[in-house]
Structures are given as structure tokens and as C-alpha cells.
Number of protein chains: 2
Amino acid sequence: MKKYYIGVDIGGTSFKIGLVREDGTIINKMSYFVKNSAKQEEMIIELAHKILDFIKVNEIPLDNIVGVGIGCPGSINSKLGVCDYSNNLKWYDLKIVEILNKYINLPIKITNDANAATLGEYKFGVGKNYQNAIMLTLGTGVGGGVIINGKLYEGNDGKGAELGHSVIKLNGRKCTCGRKGCIEAYASASALAKEARSIVNKHKESSLYLVKDHLTGRIIFEHANKGDKVANIIIDKYCYYLKEAILNYCNIFRPDLIILGGGLSAQKEVLLSHIVPCMEKEHYGFSNTPKVELKCAELGNDAGIIGAASLLM
Amino acid sequence: MKKYYIGVDIGGTSFKIGLVREDGTIINKMSYFVKNSAKQEEMIIELAHKILDFIKVNEIPLDNIVGVGIGCPGSINSKLGVCDYSNNLKWYDLKIVEILNKYINLPIKITNDANAATLGEYKFGVGKNYQNAIMLTLGTGVGGGVIINGKLYEGNDGKGAELGHSVIKLNGRKCTCGRKGCIEAYASASALAKEARSIVNKHKESSLYLVKDHLTGRIIFEHANKGDKVANIIIDKYCYYLKEAILNYCNIFRPDLIILGGGLSAQKEVLLSHIVPCMEKEHYGFSNTPKVELKCAELGNDAGIIGAASLLM
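Note that the structure is predicted; figures quoted are calculated from it, not measured. (Residues numbered from 1 in each chain as written. Chains lettered and ligands numbered in written order. Predicted model: local features only at pLDDT ≥ 70, side-chain atom pairs only at ≥ 80, totals over all residues. Heavy atoms only, no water.)

**Brief notes about the overall build of chain A**
The line we're drawing: Note on conventions: DSSP H or I runs of at least 4 residues are helices, E runs of at least 2 residues are strands, and numbering of each starts at the N terminus. For this measure, only C-alpha atoms enter the radius of gyration; the expected value for a globule follows 2.2 Å times N^0.38, where N is the number of residues. Each residue gets one of three labels from its accessible area relative to the maximum for its type: buried under 20%, exposed over 50%, partly exposed in between, using a 1.4 Å probe on protein chains only. By definition, residues are in contact when any of their heavy atoms lie within 4.5 Å.
What chain A contains, in helices and strands, is nine helices and 13 strands. Computed over C-alpha atoms, the radius of gyration of chain A comes to 20 Å, within 12% of the 20 Å expected from 2.2 N^0.38 for 313 residues, which places it in the range of a compact globule. Each principal axis of the C-alpha atoms in chain A carries an extent, and together these give about 60 × 50 × 35 Å. Burial analysis of chain A (313 residues in total) assigns 60% to the buried set. For chain A, long-range pairs separated by at least 24 residues make up 62% of all intrachain contacts whose partners lie at least 6 apart in sequence.

In C-alpha cells, the structure reads:
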């Protein structure tokens, strides 16, 4: 009897469902757009039906499926299976596992989406063969995941590993979490775009000036790669912030590996060529410390599905 | 056959040796001053003889002793049993476990002194009955210890948990580690005294002005308790820095407990009355997050011996 897993990647606009083998291979996947107008409980009931249909279409007997793993954005209580709050989805105190279990008679586990991506990269992506790993997902926010001795560390009620919400600048930029100066306010893709907008406005000579109303992380990196000076100054500054955050996590966890994920991790060459030499130069602030590898995620958009499925492995 | 443990607490000026029972009780202890003029290897050979003499005096057969645990300041490679570097002791690449094992035929383990104190408090002090705990030792520096699922987490080669060497102020105060803006540069007892000196010099009306050349953390807290306004401003500022550091570790680890240790933890009432309400008010930056308890260490000077002995338990 072969073992299969269902991995669900909940996003702000679409939900993805995947059928995953024990070796992390996705056999089949589907996605659908969600109606944001729907009631939150109805969205979960719809998800239950989509999962059941998906299993049926793939002709896998329920007995061969180990369970359903879910990665969900926001503040997740993994012990109770509840999404306490999700900003993007406007969910509040949503008992996801309890509702799904009314329709699906399988073990169901849920975690924060950054945790799921971390687990996916750790088990089947760039993190294979390491023991302790940290992941920072650089997107709209900065998510975090922590692997300690090969296991996901979630903290009390699954509320730990909020690696983006650690202050690196006392009384600094306002963060979405209410504090001031968090890593997220400096190292997220949104923070990069925001800082770029304020700088580009003063630099008509920059090639970014023409696209200043549509700045994204990707565009800024593109212009920097093409040699625009202002874009390069912006990227240098961004990499400095990110490097300081990374060095903090070197000292706190001294892991074997730090993984950069999320949208900006596609800028692998630029990020690594900027940050790795600084890490080596500063030697993480200590002499005689073991090397921490820095790598970019490699599972891309599949990390969520694979990581969610891994929750059951 | 009763089981006993030897705990060794290596300090900058004196070494302590304790005979510890399985329940964490110290049956007997001794300490001796070290000659800083001695060669580093000779200091360890002397320690070996002191341990053997201590065991003999206590009339415990070697068979009844499980092993020797050591807490040592500085950068320790716990895997290899080596002190890579200790600033206070001027040790460099000192193979402590290898040398001791030439004289003592027992299992010997070593860790950083803050790790040892954390383990002691966790197993037999204020941390009993918790699962995940973080400790910050507030002394000359800021040391750190991390307990994950009941076990000491040391990071690669024992070089993790340097919780004092995480930047909270980008480009801030110079830290002993070479970086700028580390927690240690704001929340250590030395940082407190240094900041106080610069403030008090401008405030002749403060009761601290008369003792401005002998300022220590304890003295500043004493004057604040007696109502000196300037001393209270200094303490408020110090507590703000410490609170921000604590909130960072709430978000990173979401532990059940954060323990404050080191010399300044004797100021329990003031520290807790300042910081706990802020933690509750800021809710760690998130709604719906589980409470993190904040407590001061309770084993006092014995935490080092007990924690070191715990390495073998």
C-alpha cells in the first residue's frame, strides 16, 4: 500500500491542493480562486469539498492517504487547528481543522505558511542534509521558520518563529505588528519598494523614475542589474538591513543553514553576492564560530504544498 | 548505589567545584582563586587535582560519580570540549576536556557559563515545570541560554544562544563583539553603568553625582529605589531597552518562560514591575498570542555549579 499526502497551500487570493508522495514529489495539483465575499466558514467548507473531489479525481483510496497538511497565512494556533487572525483573508478565530474534519475523515494538521515552506525546503529542497536551519521568507512581510534538530520548532501554541517581528532599529520604522523597527519594516519586499519610492522621487536621472508608480522588489533588482546607480544604492541598503537580520539569527541559533525564501529569493545571485562576503567578513561577530551557509529556496511555488504535506510525515 | 555529579563553575577570578545530588541539591562545595599568571594548561591541570582532592575529601567512590560538568565563560566548542576564546581568562584554544581526562577517568562535559546557568534554573530553579524557556544573564555582558522541548539548545558546535549579540539598534553603540547596536551594548550591567555615568555628569542635583566614579548597576537601582529622579530616568531607559530585547525573544521563540539571570536579576521587583506591564500592554506585538512568563533566576550563585552538573543528567 503506497502512502500519499494532501498538502494545502492557502493564499490570499487562491488555494492550492496537491497530492504528494512520501519522497516529496507532487503527483498532481490544482488551484482555485476564492471568493473573498464568502463567509469564512463557507470558505473552509468549500475547501473540504475541493479536497474530497481532488482525491476522487486522482483515484486514490482514502485508506492510502496519511492525512491533510495545511499552510495558512496569519496567526495560527497549530495545537487547536485554529486561524486566530489572518490579515489578508480577513479571517478571525476560524476553526479550520474542526470544520474540515466534519467532512474529511483523515488526520489534519495546520501551521503558519512560512513554517510550512520552511519544512518543505528542509525536507525536500535546499535544506536537505542539514540539522538546524532557519528560513526567512521575503515577501509582503518577512515570515520565519525554525528547524531544530530536524524538527519544526513552532513555539507555544505555534506562535513562535515570527522572525520578521524582531526589532533591529529601536524606535525605527512603524511595523504592521504595532512595534517600531522590526526586521519586516526593513527587509520585506514591501519595505524595499517603499524605501525605493521615497528615494527615486528625488532622482529623476534614475531609470526607476519612469516606473516610480509601479515599483516592486523585482523591478528594482532588474534596474540594479542593468546598472542604474540609484537602484544599486537602494539594493545595497536593502542588503545591509537583511545582512544585519541574518547575522542576528546566526548568533541566536548558530544554525547550519539560513534559507531565504519568498518572492525576493528569486534574486539569488544579487542577494548572495552581496550578503555572503559581509557575513564572512564580519565573521558573525565572533572569531572561531562555525560557518553558517546562506542559500536561496529552490522549491519555488511548490514549497507550500510540499511543506504542508510534510507536516504529516 | 547513589548517583553524584561534579559541577564546576569557572569564573574570571575563582573556580567553584560542587558535589551535586540527582535532585539538584549541592551536598558540598569549595572554591579557590586562580593565579592569572599561570599558563592556561597549568590552570586546567590544577583544576583536575582540585576536583580529585574534592572527591576524596567527600569520600565518594569514583564509581558513584556520573561525571563532571563544566560551565565556562567565553566561546566554547562543547562538541570538542575546547574553550576557543575567553576574554576574561585570556584563554585561547584550550583543550579543557582533553587535559582533564588525562587525570580524571570520568565522562566530562562542558558548555558556556550562561548555558549552564540556564540549564540549572530550568531543571532545579525557577524554570521547573516549563517546556520552552529562554534565559538572559544580565552581567558584564548579556549571556543567553535556550531550552527547547526540555533540552539545552546550543547550536552548531555549541556556538548558538548568543542572545546578547543580536542587534536592536542598527548602527548603534559599539559592542564588544565588533558589531554595532547589540543587546549587550544596551541591556548589560556595564551598559547601564556606562549610560548612567554620562547622564549623571550633567546632573549635580542627583544623589548619584556623589558616587559617580563608582557607579554599578546595584548602586543605580538603590538610588532609584530611594527616589532619586535621575536614577529613575536611567532605570526607565534601561528597562525600555531590556523590554524590547525580551519582546524580540517572545516573537522569535514564543517560549513559556523568559528567565532574567546574572547580577542585575537581584533587582527583581523593579525589573518585573517595569517590564511585565509593558509586555502585557504591547501583547508582544500580536493579538492572540499566548502569555510568556517573565521571572528572575532563583538559584543565585549556585546556578553555575548546579547547571554544570545537570549537563550529565
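So, next bit.
**Here's the deal with the packing of helix α7 (residues 229–253) of chain A against helix α8 (residues 268–282) of chain A**
All names here are of chain A. Condition: For every element, the axis is a line fit to its C-alpha atoms; helices are fit only across the contacting stretch, and the angle between N-to-C directions ranges from 0 to 180 degrees. Roughly parallel covers angles under 35 degrees, roughly antiparallel covers those over 145, roughly perpendicular covers 65 to 115, and oblique covers all other angles. Throughout, a crossing is termed right-handed when the near helix is turned clockwise from the far one, and left-handed when it is turned anticlockwise from it by less than a right angle. Asp, Glu, Lys and Arg are counted as charged, while Ala, Val, Leu, Ile, Met, Phe, Trp, Tyr, Cys and Pro are counted as nonpolar; the rest, among them Gly, fall into the polar class.
Running from N to C, α7 and α8 point in directions that differ by 50 degrees, and their axes come no closer than 9 Å. Taken together, the axes of α7 and α8 are oblique relative to one another. The element α7 and its partner α8 pack so that their crossing is right-handed. Across from Ile-235, Asp-236, Tyr-238, Cys-239, Leu-242, Lys-243, Glu-244, Ile-246, Leu-247 and Cys-250 in α7, the residues of α8 making contact are Val-270, Leu-271, His-274, Ile-275, Cys-278, Met-279 and Glu-282. A class-by-class count of the residues in the contact of α7 with α8 yields twelve nonpolar, one polar and four charged.

**Looking at the sheet that holds strand β1 (residues 4–10) of chain B**
All names here are of chain B. Test applied: If DSSP finds at least two bridges between two strands, the strands pair.
The strand order β3-β2-β1-β4-β8 describes an open sheet built from five strands, whose pairing is mixed. Edge positions in the sheet fall to β3 (26–33) and β8 (108–112), since each of these pairs with one other strand and no more. Each strand axis lies, on average, 15 degrees off the axis of its neighbour in the sheet, ignoring direction. Where strand β2 (residues 14–21) and β3 come together, seven bridges link them in antiparallel fashion. Residue pairing in the sheet places Leu-19 in a bridge with Asn-28 of β3. Contacts from helix α2 (residues 96–103) reach β4 (65–72) and β8 within the one sheet, and its direction differs from that of β8 by about 150 degrees.

**Re the side chain of Glu-121 of chain B**
Residues and elements named next belong to chain B. The condition is simple: Positive: Lys, Arg. Negative: Asp, Glu. His and the chain ends are not part of the count. Whenever Lys or Arg places a side-chain nitrogen within 4 Å of a carboxyl oxygen from Asp or Glu, that contact is recorded as a salt bridge.
If you trace the backbone, Glu-121 turns up in helix α3 (residues 113–124). Buried and unpaired, Glu-121 has no salt bridge, with Lys-128 as the nearest side chain of opposite charge at 9.0 Å. Other than its neighbours up to four places away in sequence, Glu-121 contacts Val-126, Gly-127, Lys-128, Met-135, Ile-259, Ala-297, Glu-298, Leu-299, Gly-300 and Ala-303.

**Observations concerning the pairing of β2 of chain B**
All names here are of chain B. The element β2 is largely enclosed, with a buried count of six among its eight residues. One ladder, built from seven bridges, connects β1 with β2; its direction is antiparallel. Residue pairing for β2: Tyr-5 is matched across the bridge by Val-20. Here β1 folds back onto β2 in antiparallel fashion, the turn holding three residues. Hairpin connection of β2 to β3: four residues between the antiparallel strands, including Gly-24 at a positive phi of 85 degrees.

**Some thoughts on the packing of helix α1 (residues 40–57) of chain B against α2 of chain B**
All names here are of chain B. Contact geometry of α1 with α2 gives a least axis separation of 9 Å together with a crossing angle of 45 degrees. Taken together, the axes of α1 and α2 lie oblique to each other. Judged by the sense of rotation from one axis to the other, the crossing of α1 with α2 is right-handed. Across the interface between the two elements, Glu-41, Ile-44, Ile-45, Leu-47, Ala-48, His-49 and Leu-52 of α1 pack against Ile-96, Ile-99, Leu-100 and Tyr-103 of α2. Class assignment for the residues of the contact of α1 with α2 results in nine nonpolar, one polar and one charged.

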